[in-house]
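Close look at the chain arrangement
Listed below, chain by chain, are the residues.
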Amino acid sequence: MMGRQKGKQGKLFYYNFCLDDKVRNNHPLRKTAAFIDFDFIYNEVSDKYGDNGNVSIPPPVILKLMLLLIFYNVRSERELMDTLPERLDWLWFLGYDLDSDIPNHSVLSKARKRWGAGVFKNLFERIVWQCVEAGLIDGKKIFMDSSLVDADASTNSVIDTKNLKHQLKKNYQQLEARLEEKAESTRASGPYSKINKRYISSTDPDAAIVRRGKAKLRYQIHRAVDGKNEIITATNVTPGDVNEAHEMTSLVDLHEELTEVTVDTIVADSKYGTIENFLACRDRDIKAHMPDLHRAKGTKQNIFSQDQFKYDPTKDVYICPIGNELKRKSLHKKRQSIDYAAPKKVCAVCELREQCTKNKAGRSIKRHLRQEELERMRQASISPVAKRDIKTRQHLMERSFARGERLGIKRARWRGSWRMEIQEYMTCAIQNIQVLISRCGPVKEAAVNAVSVKTKEVLSKIRKHHCLPCELSL
Ligand code: SF4
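An account of the accompanying structure is given in this report. (Residues numbered from 1 in each chain as written. Predicted model: local features only at pLDDT ≥ 70, side-chain atom pairs only at ≥ 80, totals over all residues. Heavy atoms only, no water.)

Considerations on the site of the ligand
Inclusion rule: We call a residue near a molecule or strand as soon as one heavy atom of that residue lies within 4 Å of the molecule or strand. Under the convention adopted here, Pro, Cys and the residues Ala, Val, Leu, Ile, Met, Phe, Trp and Tyr are nonpolar, Asp, Glu, Lys and Arg are charged, and Gly plus all remaining residues are polar.
As a structural note, the neighbourhood of the ligand is formed by Cys 320, Ile 322, Asn 324, Cys 347, Cys 350, Arg 353, Cys 356 and Arg 363. Residues belonging to the shell around the ligand are distributed by class as follows: 5 nonpolar, 1 polar and 2 charged.

Description of the sheet that holds strand β13 (residues 364–368)
Our working rule: A strand pair is defined by DSSP finding two or more bridges across the two strands. Counting from the N terminus, the helices are the DSSP runs of H or I reaching at least four residues and the strands are the DSSP runs of E reaching at least two. Axes, fitted as lines to C-alpha atoms, cover a helix only where it is in contact. Angles between the N-to-C directions of the axes lie from 0 to 180 degrees.
Strands sit in the order β9-β10-β11-β12-β13 across an open sheet of 5 strands; the sheet is antiparallel. Each end of this open sheet is capped by a strand with a single partner; those strands are β9 (310–312) and β13. Taking the axes of each pair of neighbouring strands and ignoring which way they run, one obtains an average angle of 35 degrees across the sheet. Pairing of β9 with strand β10 (residues 317–319) involves 3 bridges; the strand directions are antiparallel. Looking at β10, one finds that Lys 310 is bridged to Ile 319.

Structural notes on the packing of aromatic side chains
Aromatic rings in a pair are described by how distant their centres are and how their planes are angled relative to each other. Note the threshold: Stacked, edge-to-face and tilted are the three classes for Phe, Tyr and Trp ring pairs, Trp counted by its six-membered ring, which pair at centre distances within 6.5 Å; planes under 30 degrees apart are stacked, over 60 edge-to-face, the rest tilted. Accessibility here uses a 1.4 Å probe with only protein chains present; expressed as a share of the type maximum, an area under 20% marks a residue as buried, one over 50% as exposed, and anything in between as partly exposed. Look at NZ for Lys and CZ for Arg. If either is within 6 Å of the ring centre and within 35 degrees of the ring normal, a charge sits over the ring.
Using the criterion set out here, one finds 8 aromatic pairs in the structure. Arranged with centres 5.9 Å apart and planes meeting at 90 degrees, the rings of Phe 38 and Phe 93 form a pair that is edge-to-face. Pair noted here: Phe 38 is in the loop between α2 (28–35) and α3 (40–44) and Phe 93 is in helix α6 (residues 88–94), with a separation of 55 residues, a long-range link. Accessibility expressed as a relative area gives 4% for Phe 38, which makes it buried. Centre to centre, the rings of Tyr 311 and Tyr 340 are 6.2 Å apart; their planes meet at 80 degrees, and the pair counts as edge-to-face. Of this pair, Tyr 311 sits in strand β9 while Tyr 340 is found in strand β12 (residues 337–341), placing the two residues 29 residues apart along the sequence. Its relative accessible area of 27% is what places Tyr 311 among the partly exposed residues. Three or more aromatic residues joined by ring pairs form one cluster here, namely Phe 71, Tyr 72 and Trp 90. Seen from the ring of Tyr 72, Arg 87 lies directly overhead, with NZ or CZ sitting 5.0 Å from the centre. The ring centre of Trp 414 lies 3.9 Å from the NZ or CZ of Arg 112, which sits over that ring.

Remarks on the side chain of Asn 229
The test is simple: In protein, a polar contact requires one atom able to donate a hydrogen and another able to accept it; more generally it is a pair of N or O atoms within 3.5 Å, and residues adjacent in sequence count only if both atoms are side-chain atoms.
Here Asn 229 lies in the loop between β5 (214–226) and β6 (232–239). At 3.0 Å, the side chain of Asn 229 and the backbone oxygen of Leu 136 are in polar contact. Looking at Asn 229, its side chain comes within polar contact range of the side chain of Arg 439, at 2.6 Å.

Points about helix α7 (residues 106–115)
Since one α-helical turn is 3.6 residues long, residues separated by three or four positions face the same way. The condition is simple: Throughout, a residue-residue contact means that at least one pair of heavy atoms, one from each residue, lies within 4.5 Å.
Those residues of α7 not exposed but buried are Ser 106, Val 107, Leu 108, Ala 111, Arg 112 and Trp 115. Where α7 is buried, its residues touch α3, α4 (59–71), α5 (77–83), α8 (118–133) and α19 (417–440). One or two positions beyond α7, positive phi appears at Gly 116, with a value near 80 degrees.

Brief notes about the side chain of Gln 423
Within the fold, Gln 423 resides in helix α19. Relative accessible area serves as the criterion here: at 1%, Gln 423 is assigned to the buried category. A polar side-chain atom of Gln 423 sits 3.0 Å from the main-chain carbonyl oxygen of Arg 411. Excluding its chain neighbours within four sequence positions, the residues that come into contact with Gln 423 are Ile 70, Gly 408, Ile 409, Arg 411, Ala 412, Arg 413 and Trp 414.

A look at unusual backbone geometry
The backbone phi angle of Asn 73 is positive, close to 45 degrees, even though this residue is not glycine. Within the secondary structure, Asn 73 is located in the loop between α4 and α5. When its relative accessible area of 36% is taken as the criterion, Asn 73 is described as partly exposed. Of note in this structure, Glu 260 is not a glycine but carries a positive phi near 60 degrees.

Remarks on the pairing of β5
A large share of β5 lies buried, amounting to 10 of its 13 residues. Where strand β1 (residues 141–150) and β5 come together, 9 bridges link them in antiparallel fashion. From the neighbouring strand, Leu 148 faces β5, where its bridge partner is Gln 220. Both strand β4 (residues 208–212) and β5 contribute to a ladder of 5 bridges, which runs antiparallel. Among the inter-strand pairings, Ile 209 is bridged to a residue of β5, identified as Leu 217. Taking the residues that link successive antiparallel strands as the turn, the β4-β5 hairpin has 1 residue, and the phi of Gly 213 there is positive, at about 75 degrees. Alignment of β5 against β6, held across 7 bridges, turns out to be antiparallel. Residue pairing for β6: Ile 221 is matched across the bridge by Val 237. Between β5 and β6, which pair antiparallel and follow one another directly, the connecting turn spans 5 residues, one of which, Glu 230, has a positive phi of 60 degrees.

Function cannot be read off these values alone, since they describe shape.
What follows is the structure, encoded as C-alpha coordinates:
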(Lines give C-alpha, C1' and ligand atoms only; values in the text may rest on other atoms or scores of the structure.)
Protein backbone atom coordinates (compact mmCIF):
# COMPACT_ATOMS: atom_id res chain seq x y z
CA MET A 1 0.00 0.00 0.00
CA MET A 2 1.35 3.37 -0.91
CA GLY A 3 2.14 5.62 1.99
CA ARG A 4 1.11 9.25 1.98
CA GLN A 5 3.14 11.97 3.56
CA LYS A 6 1.44 13.70 6.46
CA GLY A 7 2.48 17.17 7.58
CA LYS A 8 5.96 18.44 6.75
CA GLN A 9 8.38 19.18 9.56
CA GLY A 10 5.61 20.04 11.97
CA LYS A 11 7.52 19.14 15.13
CA LEU A 12 8.75 21.87 17.41
CA PHE A 13 10.94 19.62 19.53
CA TYR A 14 12.95 16.50 18.74
CA TYR A 15 13.76 14.20 21.62
CA ASN A 16 15.60 11.47 19.74
CA PHE A 17 17.87 13.71 17.69
CA CYS A 18 21.62 13.71 18.15
CA LEU A 19 23.80 15.70 15.79
CA ASP A 20 26.69 13.31 16.36
CA ASP A 21 24.58 10.39 15.00
CA LYS A 22 23.92 12.27 11.78
CA VAL A 23 27.60 12.51 10.78
CA ARG A 24 28.81 9.23 9.32
CA ASN A 25 31.84 7.57 10.80
CA ASN A 26 33.98 7.92 7.71
CA HIS A 27 33.06 11.57 7.08
CA PRO A 28 36.26 13.52 6.25
CA LEU A 29 35.38 16.17 8.81
CA ARG A 30 34.97 13.55 11.52
CA LYS A 31 38.38 12.18 10.67
CA THR A 32 39.86 15.68 10.53
CA ALA A 33 38.42 16.52 13.93
CA ALA A 34 39.89 13.27 15.28
CA PHE A 35 43.36 13.79 13.83
CA ILE A 36 43.94 17.51 14.17
CA ASP A 37 44.21 19.35 17.44
CA PHE A 38 42.78 22.81 16.81
CA ASP A 39 43.07 23.90 20.43
CA PHE A 40 46.75 24.75 19.98
CA ILE A 41 45.58 28.10 18.72
CA TYR A 42 44.48 29.26 22.18
CA ASN A 43 48.13 29.66 23.14
CA GLU A 44 49.15 31.01 19.75
CA VAL A 45 46.79 33.97 19.81
CA SER A 46 46.39 34.58 23.55
CA ASP A 47 48.38 37.82 23.31
CA LYS A 48 46.16 39.13 20.52
CA TYR A 49 43.08 39.47 22.78
CA GLY A 50 42.43 41.83 25.68
CA ASP A 51 41.14 40.89 29.16
CA ASN A 52 37.95 42.97 28.98
CA GLY A 53 35.26 43.74 26.45
CA ASN A 54 33.14 41.54 24.23
CA VAL A 55 33.82 37.84 24.29
CA SER A 56 35.17 36.69 20.95
CA ILE A 57 34.23 33.63 18.92
CA PRO A 58 36.60 30.90 20.22
CA PRO A 59 39.76 30.88 18.04
CA PRO A 60 39.51 27.11 17.25
CA VAL A 61 36.03 27.73 15.80
CA ILE A 62 37.40 30.53 13.59
CA LEU A 63 40.23 28.25 12.44
CA LYS A 64 37.70 25.51 11.63
CA LEU A 65 35.55 28.02 9.73
CA MET A 66 38.62 28.95 7.67
CA LEU A 67 39.22 25.28 7.05
CA LEU A 68 35.61 24.76 5.87
CA LEU A 69 35.88 27.80 3.59
CA ILE A 70 38.85 26.30 1.74
CA PHE A 71 38.01 22.59 2.14
CA TYR A 72 34.64 23.07 0.39
CA ASN A 73 35.94 25.89 -1.80
CA VAL A 74 33.07 28.16 -0.70
CA ARG A 75 33.07 31.28 -2.82
CA SER A 76 32.78 33.83 -0.02
CA GLU A 77 32.63 34.12 3.74
CA ARG A 78 29.04 35.40 3.51
CA GLU A 79 28.09 32.28 1.59
CA LEU A 80 29.83 30.13 4.18
CA MET A 81 27.79 31.66 7.01
CA ASP A 82 24.56 31.46 4.98
CA THR A 83 25.17 27.78 4.26
CA LEU A 84 26.28 26.88 7.78
CA PRO A 85 22.78 26.39 9.33
CA GLU A 86 21.88 24.08 6.43
CA ARG A 87 24.86 21.75 6.95
CA LEU A 88 24.66 19.33 9.87
CA ASP A 89 28.20 18.07 9.26
CA TRP A 90 29.62 21.60 9.39
CA LEU A 91 27.69 22.38 12.59
CA TRP A 92 28.96 19.17 14.15
CA PHE A 93 32.56 19.93 13.09
CA LEU A 94 32.37 23.36 14.70
CA GLY A 95 30.87 21.94 17.89
CA TYR A 96 27.67 23.85 17.29
CA ASP A 97 24.07 22.82 17.92
CA LEU A 98 21.10 23.21 15.61
CA ASP A 99 20.07 26.38 17.39
CA SER A 100 23.55 27.88 17.95
CA ASP A 101 24.06 31.48 16.88
CA ILE A 102 25.89 31.69 13.58
CA PRO A 103 28.81 34.16 13.66
CA ASN A 104 28.86 37.16 11.37
CA HIS A 105 30.91 36.68 8.22
CA SER A 106 33.22 39.53 9.25
CA VAL A 107 34.74 37.48 12.12
CA LEU A 108 36.97 35.72 9.63
CA SER A 109 38.48 38.81 8.05
CA LYS A 110 38.93 40.40 11.49
CA ALA A 111 40.64 37.28 12.81
CA ARG A 112 43.00 37.13 9.83
CA LYS A 113 43.99 40.72 10.42
CA ARG A 114 44.39 40.18 14.16
CA TRP A 115 46.36 36.93 13.93
CA GLY A 116 48.44 37.46 10.78
CA ALA A 117 49.81 34.67 8.58
CA GLY A 118 52.01 33.16 11.33
CA VAL A 119 49.16 31.24 12.98
CA PHE A 120 48.22 29.53 9.71
CA LYS A 121 51.86 28.77 9.03
CA ASN A 122 52.01 27.14 12.42
CA LEU A 123 48.99 24.97 11.60
CA PHE A 124 50.67 23.88 8.36
CA GLU A 125 53.93 23.10 10.17
CA ARG A 126 52.19 21.09 12.90
CA ILE A 127 50.44 18.98 10.31
CA VAL A 128 53.69 18.36 8.46
CA TRP A 129 55.25 17.25 11.73
CA GLN A 130 52.25 15.01 12.43
CA CYS A 131 52.85 13.40 9.03
CA VAL A 132 56.53 12.92 9.93
CA GLU A 133 55.53 11.26 13.18
CA ALA A 134 53.03 9.04 11.39
CA GLY A 135 55.83 7.80 9.12
CA LEU A 136 54.29 9.36 6.01
CA ILE A 137 57.38 11.38 5.09
CA ASP A 138 60.70 10.03 3.95
CA GLY A 139 62.23 13.50 3.62
CA LYS A 140 65.30 12.58 1.59
CA LYS A 141 63.91 13.08 -1.91
CA ILE A 142 61.84 16.18 -2.60
CA PHE A 143 60.07 17.34 -5.74
CA MET A 144 59.71 21.03 -6.56
CA ASP A 145 57.62 23.19 -8.81
CA SER A 146 55.69 26.44 -8.82
CA SER A 147 52.32 27.55 -10.10
CA LEU A 148 50.81 30.91 -10.90
CA VAL A 149 47.76 32.16 -9.00
CA ASP A 150 45.54 34.92 -10.37
CA ALA A 151 45.43 37.87 -7.97
CA ASP A 152 42.12 39.26 -6.77
CA ALA A 153 42.66 42.46 -8.74
CA SER A 154 41.74 43.66 -12.18
CA THR A 155 44.33 44.70 -14.73
CA ASN A 156 42.40 47.99 -14.84
CA SER A 157 43.91 48.75 -11.43
CA VAL A 158 47.43 48.76 -12.91
CA ILE A 159 49.05 52.16 -13.01
CA ASP A 160 52.10 53.36 -14.85
CA THR A 161 54.47 54.77 -12.22
CA LYS A 162 56.25 56.83 -14.87
CA ASN A 163 53.06 58.56 -15.89
CA LEU A 164 53.17 62.26 -14.93
CA LYS A 165 49.40 62.49 -14.43
CA HIS A 166 49.55 59.91 -11.68
CA GLN A 167 52.66 61.32 -10.11
CA LEU A 168 50.90 64.64 -9.60
CA LYS A 169 48.10 63.06 -7.68
CA LYS A 170 48.49 63.16 -3.93
CA ASN A 171 47.01 59.73 -3.33
CA TYR A 172 49.41 58.28 -5.83
CA GLN A 173 52.34 59.70 -3.89
CA GLN A 174 50.99 58.11 -0.73
CA LEU A 175 50.64 54.82 -2.54
CA GLU A 176 54.18 55.08 -3.84
CA ALA A 177 55.49 55.61 -0.30
CA ARG A 178 53.60 52.48 0.80
CA LEU A 179 54.98 50.52 -2.11
CA GLU A 180 58.53 51.58 -1.35
CA GLU A 181 58.10 50.16 2.14
CA LYS A 182 56.78 46.89 0.82
CA ALA A 183 59.35 46.62 -1.91
CA GLU A 184 62.13 45.54 0.44
CA SER A 185 60.20 42.78 2.14
CA THR A 186 58.25 41.33 -0.76
CA ARG A 187 60.70 41.75 -3.56
CA ALA A 188 63.89 40.68 -1.87
CA SER A 189 63.29 37.08 -2.93
CA GLY A 190 64.03 37.55 -6.61
CA PRO A 191 64.74 39.88 -9.46
CA TYR A 192 61.98 41.85 -11.12
CA SER A 193 61.67 42.62 -14.76
CA LYS A 194 61.66 46.28 -15.71
CA ILE A 195 58.05 46.07 -16.80
CA ASN A 196 56.87 45.13 -13.33
CA LYS A 197 58.89 47.81 -11.62
CA ARG A 198 57.06 50.29 -13.76
CA TYR A 199 53.50 48.91 -13.72
CA ILE A 200 51.91 48.30 -10.33
CA SER A 201 48.36 47.53 -9.24
CA SER A 202 46.80 50.10 -6.96
CA THR A 203 44.44 47.50 -5.42
CA ASP A 204 46.96 44.71 -4.87
CA PRO A 205 50.47 46.13 -5.13
CA ASP A 206 52.07 42.85 -4.01
CA ALA A 207 50.92 41.05 -7.15
CA ALA A 208 52.94 41.37 -10.36
CA ILE A 209 51.93 41.45 -14.00
CA VAL A 210 52.90 38.21 -15.67
CA ARG A 211 52.63 37.66 -19.38
CA ARG A 212 51.97 33.95 -19.58
CA GLY A 213 49.16 33.76 -22.07
CA LYS A 214 47.14 36.83 -21.17
CA ALA A 215 48.93 39.47 -19.10
CA LYS A 216 47.43 39.33 -15.62
CA LEU A 217 48.20 40.26 -12.05
CA ARG A 218 49.50 37.13 -10.42
CA TYR A 219 51.18 35.52 -7.45
CA GLN A 220 53.33 32.45 -7.59
CA ILE A 221 53.25 29.55 -5.17
CA HIS A 222 56.37 27.40 -4.78
CA ARG A 223 56.11 23.95 -3.28
CA ALA A 224 58.37 21.14 -2.14
CA VAL A 225 56.61 17.78 -2.04
CA ASP A 226 57.97 14.66 -0.41
CA GLY A 227 58.09 11.68 -2.75
CA LYS A 228 56.83 9.01 -0.36
CA ASN A 229 53.20 10.07 0.12
CA GLU A 230 53.06 13.40 -1.69
CA ILE A 231 52.98 15.45 1.50
CA ILE A 232 53.73 19.14 0.91
CA THR A 233 56.62 19.85 3.23
CA ALA A 234 57.49 23.44 2.30
CA THR A 235 55.77 26.29 0.55
CA ASN A 236 56.50 29.91 -0.35
CA VAL A 237 54.43 32.68 -1.87
CA THR A 238 56.00 35.35 -4.07
CA PRO A 239 54.78 37.84 -6.66
CA GLY A 240 54.18 36.16 -10.01
CA ASP A 241 57.30 37.38 -11.77
CA VAL A 242 59.86 35.98 -9.33
CA ASN A 243 62.21 33.46 -10.86
CA GLU A 244 61.29 30.08 -9.35
CA ALA A 245 64.91 28.92 -9.49
CA HIS A 246 65.72 31.44 -6.75
CA GLU A 247 63.31 29.76 -4.35
CA MET A 248 65.04 26.37 -4.38
CA THR A 249 67.36 26.82 -1.40
CA SER A 250 64.72 28.46 0.78
CA LEU A 251 62.36 25.52 0.12
CA VAL A 252 65.12 23.06 1.04
CA ASP A 253 65.80 24.99 4.26
CA LEU A 254 62.10 25.01 5.15
CA HIS A 255 61.76 21.31 4.39
CA GLU A 256 64.77 20.38 6.51
CA GLU A 257 63.65 22.59 9.36
CA LEU A 258 60.14 21.13 9.41
CA THR A 259 60.92 17.46 8.85
CA GLU A 260 64.30 17.36 10.57
CA VAL A 261 65.57 15.23 7.68
CA THR A 262 68.50 16.28 5.46
CA VAL A 263 67.64 16.38 1.78
CA ASP A 264 69.50 13.91 -0.39
CA THR A 265 67.92 14.55 -3.81
CA ILE A 266 66.04 17.45 -5.39
CA VAL A 267 63.90 16.73 -8.43
CA ALA A 268 62.75 19.73 -10.46
CA ASP A 269 62.22 20.93 -14.02
CA SER A 270 64.73 22.72 -16.25
CA LYS A 271 63.82 26.16 -14.87
CA TYR A 272 65.57 25.14 -11.65
CA GLY A 273 68.61 23.78 -13.52
CA THR A 274 70.69 26.94 -13.23
CA ILE A 275 74.41 27.08 -12.51
CA GLU A 276 73.72 28.62 -9.09
CA ASN A 277 71.33 25.82 -8.16
CA PHE A 278 73.65 23.05 -9.33
CA LEU A 279 76.49 24.55 -7.29
CA ALA A 280 74.25 25.16 -4.27
CA CYS A 281 73.31 21.46 -4.40
CA ARG A 282 76.97 20.53 -4.76
CA ASP A 283 77.87 22.60 -1.68
CA ARG A 284 75.16 20.85 0.34
CA ASP A 285 75.98 17.39 -1.05
CA ILE A 286 72.53 17.10 -2.65
CA LYS A 287 71.87 15.24 -5.89
CA ALA A 288 70.27 17.63 -8.39
CA HIS A 289 67.90 15.68 -10.64
CA MET A 290 66.92 18.57 -12.87
CA PRO A 291 67.55 19.17 -16.58
CA ASP A 292 70.29 21.67 -17.30
CA LEU A 293 68.69 25.00 -18.21
CA HIS A 294 71.60 26.10 -20.40
CA ARG A 295 71.64 22.88 -22.39
CA ALA A 296 67.88 23.22 -22.93
CA LYS A 297 68.45 26.79 -24.17
CA GLY A 298 71.19 25.72 -26.64
CA THR A 299 68.99 22.94 -28.03
CA LYS A 300 66.11 25.37 -28.46
CA GLN A 301 68.28 27.81 -30.41
CA ASN A 302 69.29 25.01 -32.79
CA ILE A 303 72.99 25.64 -32.45
CA PHE A 304 75.87 23.44 -31.23
CA SER A 305 75.60 22.93 -27.49
CA GLN A 306 78.57 23.58 -25.23
CA ASP A 307 79.11 19.79 -24.92
CA GLN A 308 80.25 19.73 -28.54
CA PHE A 309 83.23 21.94 -27.68
CA LYS A 310 86.07 19.98 -26.03
CA TYR A 311 88.08 21.68 -23.31
CA ASP A 312 91.85 21.18 -23.44
CA PRO A 313 93.18 21.81 -19.90
CA THR A 314 96.86 21.75 -20.98
CA LYS A 315 96.44 24.67 -23.36
CA ASP A 316 93.40 26.18 -21.58
CA VAL A 317 91.41 26.40 -24.81
CA TYR A 318 88.19 24.97 -26.21
CA ILE A 319 88.28 23.03 -29.50
CA CYS A 320 85.24 23.68 -31.66
CA PRO A 321 83.54 20.98 -33.82
CA ILE A 322 85.59 21.98 -36.86
CA GLY A 323 88.88 21.92 -34.93
CA ASN A 324 89.60 25.60 -34.27
CA GLU A 325 90.69 26.91 -30.88
CA LEU A 326 88.57 29.20 -28.71
CA LYS A 327 90.98 31.10 -26.47
CA ARG A 328 90.46 32.73 -23.08
CA LYS A 329 89.11 36.22 -23.66
CA SER A 330 87.77 37.80 -20.47
CA LEU A 331 86.84 37.12 -16.86
CA HIS A 332 83.29 37.95 -15.79
CA LYS A 333 83.51 38.46 -12.02
CA LYS A 334 79.79 38.74 -11.36
CA ARG A 335 78.98 35.59 -13.29
CA GLN A 336 82.11 33.86 -11.97
CA SER A 337 82.94 32.72 -15.48
CA ILE A 338 85.61 33.09 -18.17
CA ASP A 339 84.67 33.77 -21.80
CA TYR A 340 86.44 31.78 -24.53
CA ALA A 341 86.06 32.88 -28.14
CA ALA A 342 87.26 32.00 -31.63
CA PRO A 343 88.69 34.84 -33.76
CA LYS A 344 85.90 36.72 -35.55
CA LYS A 345 87.56 36.23 -38.94
CA VAL A 346 87.75 32.46 -38.51
CA CYS A 347 84.06 32.11 -37.62
CA ALA A 348 83.04 34.47 -40.44
CA VAL A 349 84.33 32.06 -43.10
CA CYS A 350 83.45 28.81 -41.31
CA GLU A 351 81.20 26.38 -43.17
CA LEU A 352 79.49 25.32 -39.89
CA ARG A 353 78.71 28.88 -38.89
CA GLU A 354 74.93 28.50 -39.40
CA GLN A 355 74.86 25.54 -36.99
CA CYS A 356 77.23 27.15 -34.52
CA THR A 357 76.32 30.76 -33.86
CA LYS A 358 74.01 33.61 -34.74
CA ASN A 359 76.42 36.15 -33.31
CA LYS A 360 78.28 38.32 -35.84
CA ALA A 361 81.33 38.44 -33.55
CA GLY A 362 81.64 34.65 -33.71
CA ARG A 363 81.02 31.87 -31.22
CA SER A 364 81.93 32.21 -27.57
CA ILE A 365 81.79 29.74 -24.69
CA LYS A 366 81.43 30.52 -20.99
CA ARG A 367 83.44 28.42 -18.56
CA HIS A 368 82.51 28.71 -14.91
CA LEU A 369 85.32 28.94 -12.36
CA ARG A 370 83.87 25.75 -10.84
CA GLN A 371 83.24 24.12 -14.21
CA GLU A 372 84.50 20.66 -13.22
CA GLU A 373 82.12 20.43 -10.25
CA LEU A 374 79.36 21.75 -12.48
CA GLU A 375 80.05 19.08 -15.09
CA ARG A 376 79.87 16.34 -12.47
CA MET A 377 76.49 17.65 -11.28
CA ARG A 378 75.25 17.90 -14.86
CA GLN A 379 76.35 14.35 -15.64
CA ALA A 380 74.50 13.08 -12.58
CA SER A 381 71.40 14.97 -13.71
CA ILE A 382 71.19 12.90 -16.91
CA SER A 383 71.66 9.50 -15.28
CA PRO A 384 68.86 6.92 -15.75
CA VAL A 385 67.74 7.41 -12.11
CA ALA A 386 67.58 11.16 -12.61
CA LYS A 387 65.59 10.78 -15.82
CA ARG A 388 63.10 8.50 -14.08
CA ASP A 389 62.74 11.00 -11.22
CA ILE A 390 62.22 13.89 -13.65
CA LYS A 391 59.42 11.94 -15.32
CA THR A 392 57.82 11.14 -11.96
CA ARG A 393 58.04 14.80 -10.96
CA GLN A 394 55.83 15.94 -13.78
CA HIS A 395 52.85 13.82 -12.68
CA LEU A 396 53.50 14.19 -8.98
CA MET A 397 53.64 17.99 -9.02
CA GLU A 398 50.73 18.26 -11.41
CA ARG A 399 48.69 16.16 -8.99
CA SER A 400 49.67 18.38 -6.09
CA PHE A 401 48.57 21.56 -7.89
CA ALA A 402 45.46 19.89 -9.35
CA ARG A 403 44.34 18.94 -5.83
CA GLY A 404 45.02 22.53 -4.81
CA GLU A 405 42.88 23.72 -7.71
CA ARG A 406 39.92 21.81 -6.29
CA LEU A 407 40.43 23.88 -3.14
CA GLY A 408 40.43 27.11 -5.16
CA ILE A 409 44.17 27.83 -5.36
CA LYS A 410 43.97 29.05 -8.95
CA ARG A 411 42.66 32.39 -7.76
CA ALA A 412 43.61 34.48 -4.72
CA ARG A 413 40.68 34.85 -2.34
CA TRP A 414 42.02 38.03 -0.79
CA ARG A 415 44.44 40.83 -1.55
CA GLY A 416 47.99 41.25 -0.30
CA SER A 417 50.81 38.73 -0.17
CA TRP A 418 50.30 37.90 3.54
CA ARG A 419 46.69 36.96 2.83
CA MET A 420 47.81 34.90 -0.14
CA GLU A 421 50.19 33.15 2.25
CA ILE A 422 47.26 32.35 4.55
CA GLN A 423 45.37 30.83 1.63
CA GLU A 424 48.38 28.75 0.59
CA TYR A 425 49.14 27.54 4.13
CA MET A 426 45.50 26.51 4.59
CA THR A 427 45.39 24.79 1.19
CA CYS A 428 48.60 22.87 1.85
CA ALA A 429 47.47 21.98 5.36
CA ILE A 430 44.18 20.60 3.98
CA GLN A 431 45.95 18.65 1.22
CA ASN A 432 48.22 17.12 3.86
CA ILE A 433 45.27 16.37 6.15
CA GLN A 434 43.60 14.56 3.26
CA VAL A 435 46.65 12.31 2.86
CA LEU A 436 46.97 11.87 6.62
CA ILE A 437 43.37 10.73 7.11
CA SER A 438 43.41 8.48 4.07
CA ARG A 439 46.70 6.83 5.03
CA CYS A 440 46.07 6.46 8.72
CA GLY A 441 42.55 4.97 8.51
CA PRO A 442 40.10 4.90 11.42
CA VAL A 443 41.51 5.89 14.74
CA LYS A 444 39.54 6.04 17.93
CA GLU A 445 38.71 9.61 18.70
CA ALA A 446 39.65 9.36 22.34
CA ALA A 447 43.09 8.07 21.48
CA VAL A 448 43.73 10.65 18.83
CA ASN A 449 42.51 13.57 20.89
CA ALA A 450 45.37 12.79 23.19
CA VAL A 451 47.78 13.33 20.33
CA SER A 452 49.88 16.38 20.78
CA VAL A 453 52.27 17.38 18.09
CA LYS A 454 55.89 16.40 18.77
CA THR A 455 54.77 13.78 21.30
CA LYS A 456 56.53 10.87 19.73
CA GLU A 457 55.30 8.17 22.11
CA VAL A 458 51.58 8.58 21.47
CA LEU A 459 51.95 9.00 17.72
CA SER A 460 54.19 5.99 17.40
CA LYS A 461 51.58 3.93 19.29
CA ILE A 462 48.87 5.01 16.88
CA ARG A 463 51.15 4.27 13.95
CA LYS A 464 51.88 0.83 15.31
CA HIS A 465 48.24 -0.11 15.79
CA HIS A 466 46.44 1.72 13.01
CA CYS A 467 48.58 3.34 10.37
CA LEU A 468 51.23 0.98 9.19
CA PRO A 469 51.47 -0.95 7.02
CA CYS A 470 49.34 1.26 4.86
CA GLU A 471 47.35 -0.18 2.01
CA LEU A 472 44.92 2.66 1.44
CA SER A 473 45.36 4.80 -1.60
CA LEU A 474 44.51 8.44 -2.01
S1 SF4 B 1 81.70 29.07 -36.26
FE2 SF4 B 1 83.68 29.40 -35.28
S3 SF4 B 1 83.54 28.24 -33.38
FE4 SF4 B 1 81.86 27.54 -34.67
S5 SF4 B 1 82.67 25.76 -35.71
FE6 SF4 B 1 83.07 27.48 -37.05
S7 SF4 B 1 85.08 28.20 -36.50
FE8 SF4 B 1 84.43 26.83 -34.88
